[in-house]
Number of protein chains: 2
Amino acid sequence: MRSRNDVESWHRLKEKYLSSLLEERLVSYLDPGAEEILLKINSLRDVVTTSSCIGRITIVEAKFPWERREESRIVFKSHYQINEFEVALVVSRDLSPLWLKVTGPIIHMRVRSLDCASKILEIARRSGFKHSGIISIDREGPGCCTLEINSPTQMITPLKTSRGVIVRGQDLKIVVKLANEILLEGRRRLKSLVNNLEEARGFCS
Amino acid sequence: MRSRNDVESWHRLKEKYLSSLLEERLVSYLDPGAEEILLKINSLRDVVTTSSCIGRITIVEAKFPWERREESRIVFKSHYQINEFEVALVVSRDLSPLWLKVTGPIIHMRVRSLDCASKILEIARRSGFKHSGIISIDREGPGCCTLEINSPTQMITPLKTSRGVIVRGQDLKIVVKLANEILLEGRRRLKSLVNNLEEARGFCS
């Protein structure tokens, strides 16, 4: 019997994820600009990306900003810079509580060996993704583990409660400006990460 | 030659961290209420906590809320609930930009085996610490790796920029109320985590 981590099973797993990536691209489910980044990461032989977000600005209707899908609703989403009028429009609707969230790029990847995972973690931290870690050790299937790459470039701020609007007018303009700057900083770090991942080639291919 | 992961070296490492824990307690560096929690976690034979925070509310003077120590300054810190007067006082000082941050409990632990780390990760996620992961694989010294336990119970909101105050009056009162609720939710999850860690005993001791 072959080991669960043999080359063939790993290739099958990687093929599976890469073809869903292609499907997502075809139906435009992929974040704008994500394809090039994901293809570069997946060019490491012992790595396959399983889900990703290049960073985004959302407005969430939820009691708390971390609520799961069942208890919260994304009422606005943008992967690009936003302006205060878009936000004011959402805030004016009959929705509450509302939170403005800027999240940095998040990439999940399945990795074949601990050596490769460890090297990617080191590179990720150095590239400004200090909230990265191995989030699960895989006991079944090929590969050693699943990595989450995450950065602290975020903002989580209340816009409105059931008692009314918190941020408005000139203040909203400032908050939106900060949100855009934070989104851009995430992108900058993503670019630097993808470049630096070249250093992982000796460990992951 | 003994392996680097032998019982004796592990004990020495654990002793080292436990004695600094005792020192921190003696000089009151330890977060209030942390001791009981840390002792419970350290009662797992193959685990030793290396640093921890039980969750806190801070006001940070920095361009961005994630800036490192050199580029930012904590101008207010509380491990307890706060009120709007304390915050207003800080905001009234000649400081900017200011960010209000609520961070959930964060615990770093060195773990002896991947089996133990994997079990703790699973328990942590189930207890509401979904931002947890193995942040480094230790190539030197005893133990397999370092775990970070972290929760999404947080808020990161701008209070003031160089152009003036963003959140004031009644709005500040609401933001402070939210901050206190988020702090409490972190504590609730910490309690649940510590209870659930009993399940790790079979894997970590």
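One structure accompanies this document, and this report is about it. For clarity, every value in this text was computed on a predicted model and none was experimentally measured.

Once that is clear, we can look at the overall build of chain A. Looking only at helices and strands, chain A features 6 helices and 9 strands. Taken along the three principal axes of its C-alpha coordinates, chain A extends 65 × 30 × 30 Å. A buried classification covers 54% of the 205 residues belonging to chain A. The long-range share in chain A, meaning contacts at least 24 apart out of those at least 6 apart in sequence, stands at 71%. Total accessible area on chain A is roughly 9,900 Å²; 51% of this is exposed by carbon and sulfur atoms.

With an RMSD of 0.0 Å, chain B superimposes on chain A once it is rotated by 180° and translated 0.0 Å along the axis. On this basis, the relationship between the two copies can be described by a two-fold rotation axis.

In this fold, Asp 31 of chain B is placed in the loop between α1 (7–26) and α2 (34–42). Here Asp 31 of chain B occupies a buried position and makes no salt bridge, while the nearest side chain of opposite charge, Lys 77 of chain B, is found at 6.3 Å.

This paragraph deals with the pattern of salt bridges. Within the structure shown, the criterion is met by 28 salt bridges over all chains. Between Glu 122 of chain A and Lys 119 of chain A there is a salt bridge, and its shortest N-O distance comes to 3.3 Å. Note that Glu 122 of chain A and Lys 119 of chain A are positioned in helix α4 (residues 114–126) at a spacing of 3 residues, about one turn of the helix. The class of Lys 119 of chain A is buried, set by a relative accessible area of 12%. Here Arg 12 of chain B and Glu 8 of chain B are joined by a salt bridge, their closest N and O atoms 3.2 Å apart. Within this pair, Arg 12 of chain B and its partner Glu 8 of chain B are both found in helix α1, separated by 4 residues, close to a single helical turn.

Here we come to empty space enclosed by the protein. Residue and element names in this part refer to chain A. A complete count under the given rule lists 4 cavities of 30 Å³ or more for this structure. Taken as a whole, the largest cavity encloses approximately 60 Å³ of empty space. Within this model, the second largest cavity holds a volume of roughly 50 Å³. Together, Lys 40, Ile 41, Ser 43, Leu 44, Val 194, Leu 197, Glu 198 and Arg 201 line the second largest cavity. In the lining of the second largest cavity, the residues fall into 4 nonpolar, 1 polar and 3 charged.

Moving on, we get to a nonpolar patch on the surface. Residue and element names in this part refer to chain A. Together, Leu 22, Leu 26, Val 27 and Tyr 29 make up an exposed nonpolar region whose accessible area comes to about 480 Å². Within the secondary structure, Tyr 29 sits in the loop between α1 (7–26) and α2 (34–42). A relative accessible area of 65% places Tyr 29 in the exposed class.

This part takes up the pairing of strand β8 (residues 155–161) of chain A. A regular strand places its side chains so that they alternate between the two faces of the sheet. Residue and element names in this part refer to chain A. Burial analysis of β8 places 7 of its 7 residues in the buried class, the great majority of the element. Pairing of strand β4 (residues 98–103) with β8, which is carried by 5 bridges, proceeds in the antiparallel orientation. In the sheet register, Trp 99 faces β8, and the bridge partner there is Pro 158. Pairing analysis gives 2 bridges linking β8 to strand β9 (residues 164–165), with the strands arranged antiparallel. Across the sheet, the residue bridging to Lys 160 is Val 165, located in β9. The turn joining β8 and β9, which pair antiparallel and follow one another in sequence, is formed by 2 residues.

What counts, and at which threshold
Each chain has its residues counted from 1, running along the sequence as written. Lettering for chains starts from A, numbering for ligands starts from 1, and both go in the order in which the items are written. Where totals are concerned, whole chains, interfaces and linings use all residues; where local detail is concerned, this predicted model gives features only for residues with pLDDT of at least 70, and gives and counts side-chain atom pairs only at 80 or more. Only hydrogens and water are removed before side-chain values are computed, so all heavy atoms of the structure are retained for them. In this text, helices come from DSSP runs of H or I with a minimum length of four residues, and strands from runs of E with a minimum of two, each type numbered from the N-terminal end. Under the scheme applied here, a residue whose accessible area is under 20% of the maximum for its type counts as buried, over 50% as exposed, and between as partly exposed, the area being computed with a 1.4 Å probe on protein chains only. Whether two residues are in contact is decided by their heavy atoms, any of which lying within 4.5 Å being enough. In this description, accessible areas are obtained by the Shrake-Rupley approach with a 1.4 Å probe, and a residue is regarded as covered only by the protein chains that are shown. In this comparison the copies share one frame, found by least squares on the C-alpha atoms of residues holding pLDDT of at least 70 in both. When charges are counted, Lys and Arg are positive and Asp and Glu negative, with His and the chain ends excluded. For this document, the term salt bridge refers to a Lys or Arg side-chain nitrogen within 4 Å of an Asp or Glu carboxyl oxygen. Only protein atoms enter the 1 Å grid used here, on which a cavity is any set of points holding a 1.4 Å probe that cannot leave and a pocket is any open set flanked by protein within 12 Å on both sides along at least five of seven lines; residues with an atom within 4 Å of a point are listed as lining. Grid points are joined across faces, edges and corners, and a volume is the space filled by probe spheres set on the points. Think of it as three bins: nonpolar holds Ala, Val, Leu, Ile, Met, Phe, Trp, Tyr, Cys and Pro, charged holds Asp, Glu, Lys and Arg, and polar takes everything else, Gly as well. Surface patches are drawn from residues lacking salt bridges whose relative accessible area is over 30%; two like charges belong together within 9 Å, two nonpolar side chains (Val, Leu, Ile, Met, Phe, Trp, Tyr) within 5 Å. When DSSP locates at least two bridges between a pair of strands, those strands are taken to pair.

Keep in mind these values describe shape, not function.
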